[in-house]
Amino acid sequence: MANDHLGFYLLMLLKIVTTFAIPPKTLKEACIGEIGFELQFNIYNDSCPEAESIIFSWVENAVMEDSRMAASLLRLHFHDCFVNASRLLLLDDTGDFVGEKTAPPNLNSLRGFEVIDAIKSDLESVCPETVSCADILAVVARDSVVLVCDVPSTLCSTIMIIFPVPLKLKCILQTAGPSWEVPMGRRDSFSANKAAATNSIPAPNSSLTDLVAKFQNVGLTLQDMVALSGAHTMGKARCSTFSSRLQSSSNTNGPDNNPDFLQSLQQLCSGSDIDALAQLDLVTPATFDNQYYTNLLSGEGLLPSDQILVSQDQTREIINSYAEDTSIFFEDFKISMLKMGSLGPASGNDGEIRHNCRVVN
């Protein structure tokens, strides 16, 4: 029996190594075409060959300690890219400098900054003044999608006894999100724009018109918007972010409402604690899959900005395709993440490589 298990996990290991070692050629070519001269693959091969493995290790540890951290780290990259793609999110306020962390979409919302600090500190000790904070966020986002999982402790223990593997493989043996090769070469900007952070980042109660406009403003399409919204297949949100969903509970017809789902949310949020947390995806909360889209079609999107996506024929058609075929969603998500990560990056002589992600050098 043990030999049978060993053979199975060896086969899975070979499949995983093949998947991660050889990025799809079509995706890579499309990425180069989109990004052009500014970002490159394998840019740190000579200057900091351990960079991606160091980043992966820190993300792995963070997710192992708290599976919700995967969603939090992915969200940092989203919020960083949407503000004029300026790579300013990580900067702290100082006596003469106002950063973006206190902008309404970020305040008391974002988490995981200490993970980025630890990664940067480790990288600076190995290859100082080489890897930008912006590149760290891009790689961390990819690794968070790959690593998020909710493996029962008993299963983990069984797998470790039969075939010792790191968390990465334990997750993938059960379920995991897509992976992609991250082009790098971003530099860190010198200043911040709190007003842009306030106005550019899509809000949880956004109308469909507002969502489309904010994605288009940074160069992302309707398809990108629906694909990237699939990141809400993991993570949690506070009651205060979806309160308007509860106010419409009396209207039980139409795609915006599922009475049983809304009733469960009302029970969760009925107390005085507006910071109570609900799963963005109640069915598979700690896995990266296409369940989010199935939830939308059932009227079980948590945020108003999620559920509103089914209200229009074109977006609903995309949602149907993702709900029916995980592979289509994964491929489109990868491409859209690459597009978002390449939005107007500072490169060349524009910007710097920060020693500390929280302050300008």
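Refer to the structure printed above.
Every value quoted in this text rests on a predicted model; they were computed, and no experiment measured them.

Reading the values: the criteria
- Residues numbered from 1 in each chain as written.
- Predicted model: local features only at pLDDT ≥ 70, side-chain atom pairs only at ≥ 80, totals over all residues.
- Heavy atoms only, no water.
- Disulfide = S-S within 2.5 Å.
- Helix = DSSP H or I, 4+ residues; strand = E, 2+ residues; numbered from the N terminus.
- Buried < 20%, exposed > 50% of the residue type's maximum accessible area, 1.4 Å probe, protein only.
- Arc of directions from axis to C-beta.
- Contact = heavy atoms within 4.5 Å.
- Axes fitted to C-alpha atoms, helices over the stretch in contact; angles between N-to-C directions.
- Left-handed = near helix turned anticlockwise from the far one by under 90°.
- Nonpolar A, V, L, I, M, F, W, Y, C, P; charged D, E, K, R; others polar.
- Salt bridge = Lys/Arg side-chain N within 4 Å of Asp/Glu carboxyl O.

Asks: Explain the state of the cysteines to me, using residue names and the numbers behind them.
Replies: For the coordinates displayed, the defined rule picks out 3 disulfides. Covalently, Cys 133 is tied to Cys 357 through a disulfide, its sulfur atoms 2.1 Å apart. What sets the handedness of the Cys 133 and Cys 357 disulfide is the S-S torsion sign, and at about -100° it is left-handed. Note that Cys 133 is positioned in helix H6 (residues 133–147) and Cys 357 in the segment after helix H17 (326–341), a separation of 224 residues in sequence. In this model, Cys 239 is linked to Cys 269 through a disulfide, with the two sulfur atoms separated by 2.0 Å. The chirality of the disulfide connecting Cys 239 with Cys 269 is left-handed, given an S-S dihedral of about -80°. Residue Cys 239 is located in the loop between strand S1 (236–238) and helix H12 (243–247), and its partner Cys 269 is located in the loop between helix H13 (259–268) and strand S2 (277–279); the two are separated by 30 residues in the primary sequence.

Asks: Quick one: what's the story with H13, residue by residue and with numbers?
Replies: Those residues of H13 that sit buried are Phe 261, Leu 262 and Leu 265. Along the axis of H13, the buried residues cluster in a sector spanning 95°; they form a single face. Those residues of H13 that are exposed and angled more than 90 degrees off the buried face are Asp 260 and Gln 267. Where H13 is buried, its residues meet H12 and S2.

Asks: Can you lay out the packing of helix H4 (residues 68–82) against H6 for me, pointing to particular residues and giving the numbers?
Replies: One way to put it is that H4 packs onto H6 with a least axis distance of 8 Å and a crossing angle of 140°. In terms of crossing hand, the pair formed by H4 and H6 is left-handed. Contacts from Ala 70, Leu 73, Leu 74, Leu 76, His 77 and Asp 80 in H4 reach Leu 137, Ala 138, Val 140, Ala 141, Ser 144 and Val 145 in H6. Among the residues making up the contact of H4 with H6, the classes are represented as 9 nonpolar, 2 polar and 1 charged.

Asks: Quick rundown of the pattern of salt bridges? Include the residues and the values.
Replies: A full pass over the atoms with the stated rule returns 9 salt bridges. A salt bridge links Arg 111 to Asp 66; its shortest N-O distance comes to 2.8 Å. Here Arg 111, found in the loop between H4 and helix H5 (113–126), pairs with Asp 66, found in the loop between helix H3 (51–65) and H4; they are 45 residues apart in sequence, far enough to count as distant. Taking relative accessible area as the criterion, Arg 111 reaches 23% and is therefore assigned partly exposed. Its salt-bridge partner being Glu 124, residue Lys 120 comes within 2.9 Å of it at the nearest N-O pair.

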